[in-house]
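# Structural overview for review
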Amino acid sequence: MPNRCPLTTATSRTTTRAPLWQKGPGHRGIDLALDSQSPIVAPFDGEVFFAGKVVNRQVITLVSDTGLKASFEPVCAIHPKGSRVLKGQNIAVLCVPESDYQMHCESCVHFSIRNQYGYLNPLLFYGMLKPAVLTS
Ligand SMILES: [Zn+2]
């Protein structure tokens with residue numbers, strides 16, 4: 001069953017830039033612009049793995065039945081850790097981070113997906129990632 005886009009009115013602003021090494025600089029996800037009142041919805045059926053503050057912003061992480069983890073920031077979670085959520089269900093809303101948090105873009109949510117090996121480009125799950133083509 002395909003995943004659902006986590007925002008109903010979103011447009012992608014910034015794409016993934018994979019780091020050259022595991023902890024190297026990069027952008028581990030995409031930034032989705034949205035209206036301030038737009039809810040963030042679960043991209044798949046799963047469980048709230050984490051809901052709370054990380055350093056200077058609120059984060060929610062869902063874990064799917066297959067072990068994928070989807071995280072959003074800065075958002076205020078609607079459901080506490082351990083809650084079962086269904087694909088398309090409202091899970092969070094954009095919320096203001098602390099002043100030292102650097103927003104990735106104006107009025108947007110950072111969205112990342114990872115598995116046991118590391119971060120993946122979320123666009124891969126929505127058929128929006130074009131295959132690499134070698135040219136001469
Ligand atoms: Zn970002």
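You'll find the structure just up there.
The structure reproduced in this document is the subject of the present report. (Residues numbered from 1 in each chain as written. Predicted model: local features only at pLDDT ≥ 70, side-chain atom pairs only at ≥ 80, totals over all residues.)

### Structural notes on the environment of Lys87
Let me state the cut-off plainly: Numbering of helices and strands runs from the N terminus; a helix is a DSSP stretch of H or I covering at least four residues, while a strand is a stretch of E covering at least two. To sort residues by burial, count the other C-beta atoms lying within 10 Å of each one's C-beta; a count of 20 or more means buried, 12 or fewer means exposed, and anything in between means partly exposed. C-beta atoms are built from the backbone.
Along the polypeptide, Lys87 turns up in the loop between β8 (84–85) and β9 (90–94). According to the C-beta neighbour criterion, Lys87 is partly exposed, with 16 such atoms within 10 Å. On a C-alpha basis, the gap between Lys87 and Gly46 in space is 7.8 Å, while along the polypeptide they are 41 residues apart.

### A few points about the pairing of strand β10 (residues 108–115)
Side-chain direction in a regular strand flips from residue to residue, so the side chains alternate between the two faces of the sheet. As a reminder of what qualifies: What makes two strands pair is DSSP finding at least two bridges between them.
Most of β10 sits inside the fold, with six of its eight residues counted as buried. Of the pairings in the sheet, the one linking strand β2 (residues 30–33) to β10 comprises four bridges and is antiparallel in character. Bridging across to β10, Ala33 finds its partner in Cys108.

### Section: unusual backbone geometry
In this structure, the amide linkage connecting Glu73 to the following residue, Pro74, adopts the cis form with an omega of -10°. Of note, Pro74 is situated in the loop between β6 (69–73) and β7 (75–77). Phi is positive for Val55, which is not a glycine, with a value near 60°. Along the chain, Val55 falls in the loop between β4 (46–54) and β5 (57–64). Overall, the presence of 9 C-beta atoms within 10 Å leaves Val55 in the exposed class.

### Overview of the nonpolar core
Inclusion rule: Here, a nonpolar core means buried Ala, Val, Leu, Ile, Met, Phe, Trp, Tyr and Cys residues linked by C-beta atoms lying within 7 Å of one another.
Ranked by size, the top nonpolar core spans 23 residues in total, and within it Ile60, Phe72, Val75, Ile91 and Val109 carry the most contacts. Elements with a minimum of two residues in this core: β2, β4, β5, β6, β7, β9 and β10. Considering each element in turn, this core owes the most residues, four residues, to β10.

### Re the sheet that holds β9
Selection criterion: Here an angle of 0 to 180 degrees is reported between the N-to-C directions of two axes, which are lines fitted to C-alpha atoms, with helices fitted over the stretch in contact.
With antiparallel pairing, three strands are arranged side by side in an open sheet as β3-β9-β7. The sheet terminates laterally at β3 (39–41) and β7, the two strands that pair on one side only. Across the sheet, the axes of successive neighbouring strands diverge by a mean angle of 35°, strand direction being ignored. Two strands pair when backbone bridges link them, and β7 and β9 are joined in this way by three bridges, in the antiparallel orientation.

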